[in-house]
Amino acid sequence: MRVGIAHHFGWAVAVTASAGHRVVDRRRIELVEPGVPAAPVHHDGKPLDDGAFSALVARVRASALRATAVSLDELAAALPGPVVSVSLRAWPADFPDDLAVLRRAPYEARADSVMYRQVLAEVAGARGWLVHLYDAKDVEAQAARVLGGRAGEVLRGPRAALGPPWTKDHRTALAATVLAALPRAAPDARSAGSEGDVAVAASRGCGVGEGSGEGVTGA
């Protein structure tokens, strides 16, 4: 089973597909616990001094780790087979992790989004799942080229077969699983994608966590 994820602040759409690209599960998953700010850098931390800001970011990231672990474990338990990989939107390899830098434009608008992706990568990696990174701007077009004449059936057919919701997020997530299924070289510590270099460290964590990039590849 391959899982594709289209994330937002604090939640995500997860689509799981079989080896034949059949949708076996689609769901909303929570990426942070109830009552915890979903955008600590972009919104909730703006009026805080540096000490309080750092504490808030650390609290949100810890909550995100717990919530994401629960969500992915619940998903895995509901599937008819083991998870092989998780696909996430790529983030820049040189995205800063210094909190003072993250508070400034252009990084503050993206820092929370990157944090959620890094947490997802860390949690998935801890479960032994490969993590693939995709370019959200053209992942659907790339998957369509791979699928050829089956593209419409695979990417848009689930709306008719399963009923709503079947949104752009769902198509993006499913398309990412199509690319993840392509034969590829062994995972490398850093890979160049269509967005340029993509980060593969599982948890740079906005300056509050460190991790390994093993098992992560560019899409």
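Structure first, text after, so check above.
Caption draft 1: View of the pairing of strand β4 (residues 85-89). Of all 5 residues in β4, 4 are buried; the element is thus mostly enclosed. Strand direction decides the pairing type here: strand β1 (residues 2-8) and β4, joined by 3 bridges, are parallel. Across the sheet, residue G4 finds its bridge partner in β4, namely S87. Bridge analysis of β4 against strand β5 (residues 130-134) gives 5 bridges, and the strand direction is parallel. Paired with L88 across the two strands is L133, which belongs to β5.

Caption draft 2: Just the packing of aromatic side chains, in detail. Here the structure, examined in full by the defined rule, presents 1 aromatic pair. Ring geometry for F95 versus Y107: centroids 5.7 Å apart, planes at 85 degrees, classification edge-to-face. Taken together, the positions of F95 in the loop between β4 and α3 (99-102) and Y107 in the loop between α3 and α4 (111-126) put the pair 12 residues apart, joining distant regions of the chain. Overall, F95 belongs to the buried group, its relative accessible area being 3%. Of the residues examined, Y107 reaches a relative accessible area of 29% and is grouped as partly exposed. The ring of F53 is capped by R103, whose NZ or CZ atom sits 4.1 Å from the centre of that ring.

Caption draft 3: Examining helix α5 (residues 139-147) more closely. Looking at α5, one finds that the buried residues are V139, E140, Q142, A143 and L147. Taken end-on, α5 shows its buried residues confined to a sector of 160 degrees, consistent with a single buried face. Among the structural elements, β5, α6 (151-162) and α7 (168-180) are those in contact with the buried residues of α5. Just downstream of α5, G148 is the residue with a positive phi angle, here 60 degrees.

Caption draft 4: Highlighting the packing of helix α2 (residues 50-78) against α4. Closest axis-to-axis distance for the α2/α4 pair is 9 Å, and the angle between their directions is 50 degrees. Relative to α4, the element α2 is oriented oblique. Two packed elements cross with a definite hand, and for α2 against α4 that hand is right-handed. Along its contact with α2, which presents V60, R61, A64, L65, T68, A69 and L72, the element α4 presents M115, Y116, V119, L120, E122, V123 and A124. Taken together, the residues that form the contact of α2 with α4 break down as 11 nonpolar, 1 polar and 2 charged.

Reading the values: rules and limits
Residues numbered from 1 in each chain as written. Predicted model: local features only at pLDDT ≥ 70, side-chain atom pairs only at ≥ 80, totals over all residues. Heavy atoms only, no water. Buried < 20%, exposed > 50% of the residue type's maximum accessible area, 1.4 Å probe, protein only. Helix = DSSP H or I, 4+ residues; strand = E, 2+ residues; numbered from the N terminus. Pairing = 2+ DSSP bridges. Phe/Tyr/Trp six-rings, centres within 6.5 Å; stacked < 30°, edge-to-face > 60°. Lys NZ or Arg CZ within 6 Å of the ring centre and 35° of its normal. Arc of directions from axis to C-beta. Contact = heavy atoms within 4.5 Å. Axes fitted to C-alpha atoms, helices over the stretch in contact; angles between N-to-C directions. Parallel < 35°, antiparallel > 145°, perpendicular 65-115°, else oblique. Left-handed = near helix turned anticlockwise from the far one by under 90°. Nonpolar A, V, L, I, M, F, W, Y, C, P; charged D, E, K, R; others polar.

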